[in-house]
Every structure is written in C-alpha cells, then in structure tokens.
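Analysis of the macromolecular model
Letter by letter, the chains look like this.
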Amino acid sequence: MQFKSAAFATLSLATFAAATGSDQCTTGSLQCCQSTGTASSSSIASLLAIVGVAVQDVTGLVGVTCSAISGVGVGGDSCTAQPVCCTNNSFNGVIALGCSPINIGA
C-alpha cells in the first residue's frame, strides 16, 4: 500500500511539473536551448547573419541550439540547459527568437 501511495505521489508531481512548464509558455513554444543571449553578442549575431535575420530586428533573447520540450517531467523529456519560451523557432533548432527564460522545476 505504501508503494502505491509513493508511486501515485511521484506521478502526480511529474504531472504537475508538466503542467507548470507548459502553462508558463503562453506566447510561443517551450524550448531547451544550450545557451541564450542577446542579438548583439558577436557569436549570436554571426548565427543570425547565417540564417538571414537582421540583428536590429530581434527583440528578446536568442536561444542557440534549441529543441522542443513536450510533457516536461514525463517520459524522459528534460532540459539540463536553459528552458525558454520562444515566439519564433522556425530555424530548425539552430536559433530561436523572442525567448524568455522560464522555471520548469517549480
């Protein structure tokens, strides 16, 4: 009986974590980026130039090497780098634009 209670509590906590992460991302998609920074950073500005984005047109943080996160805390999806909510991730994970950091663990 104690094992069933512990398993239920763990599953409930994972479900809560999944809902918390996705609920924080109301303006775009939930992403896990290896790094984030501003468009004026030289390394990020170089990436923006490669994909044809003008630095002056970028607002918010830029995520670098990003992948989508779905069902945070469930089925092995996790982010050991920077979880962010991004408004434009149409660059095949190379960069994501308009990113805001979020806390998926709370």
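Up top you'll find the structure we're talking about.
Every value quoted in this text rests on a predicted model; they were computed, and no experiment measured them. (Residues numbered from 1 in each chain as written. Predicted model: local features only at pLDDT ≥ 70, side-chain atom pairs only at ≥ 80, totals over all residues. Heavy atoms only, no water.)

What about the overall build of the protein chain?
Each helix and strand in the protein chain was counted, giving two helices and four strands. Secondary structure elements of the protein chain occur, N-terminal to C-terminal, as α-β-α-β-β-β. Looking at the protein chain residue by residue over its 106 residues, the buried ones come to 34%. The long-range share in the protein chain, meaning contacts at least 24 apart out of those at least 6 apart in sequence, stands at 68%. Accessible surface for the protein chain amounts to roughly 6100 Å². Of this, 59% is attributable to carbon and sulfur atoms. (Helix = DSSP H or I, 4+ residues; strand = E, 2+ residues; numbered from the N terminus. Buried < 20%, exposed > 50% of the residue type's maximum accessible area, 1.4 Å probe, protein only. Contact = heavy atoms within 4.5 Å. Areas by Shrake-Rupley, 256 points an atom, 1.4 Å probe, with all protein chains shown as cover.)

Some details on the nonpolar core
Counting residues in each nonpolar core, the largest one holds 10 residues, listed as Ala39, Ile44, Leu48, Val53, Val58, Val62, Val64, Phe91, Ile95 and Leu97. When contributions to this core are tallied by element, the ones reaching two or more residues are α2 (42–51), β2 (61–68) and β4 (95–101). Those residues in contact with Ala39, other than ones at most four positions away along the chain, are Ile44, Ala45, Leu48, Val55, Val58 and Val62. (Core = buried A, V, L, I, M, F, W, Y, C linked by side-chain atoms within 4.5 Å.)

Here's the deal with the environment of Gln82
Tracing the chain through its elements places Gln82 in strand β3 (residues 82–88). On the basis of relative accessible area, Gln82 is assigned to the partly exposed category, the value being 26%. With 51 residues separating them in the primary sequence, Gln82 and Gln31 have C-alpha atoms 8.2 Å apart. Look past the residues within four positions of Gln82 in its chain and what remains in contact with it is Gln31, Cys32, Cys33, Thr36, Pro101 and Ile102.

Overview of unusual backbone geometry
Phi is positive for Thr65, close to 55°, though the residue is something other than glycine. Structurally, Thr65 can be placed in strand β2.

Focus on the sheet that holds strand β1 (residues 29–37)
One closed barrel accounts for four strands, arranged β1-β2-β4-β3; its pairing is antiparallel. Ignoring strand direction, the axes of neighbouring strands in this sheet form an average angle of 65°. Sheet analysis places β3 next to β4, joined by four bridges and oriented antiparallel. Within β4, the residue paired with Val84 across the bridge is Pro101. The sheet strands contacting α2 are β1, β2 and β4, and the helix crosses β4 at an angle near 135°. (Pairing = 2+ DSSP bridges. Axes fitted to C-alpha atoms, helices over the stretch in contact; angles between N-to-C directions.)

Scope: geometric values only; no functional claims are made or implied.
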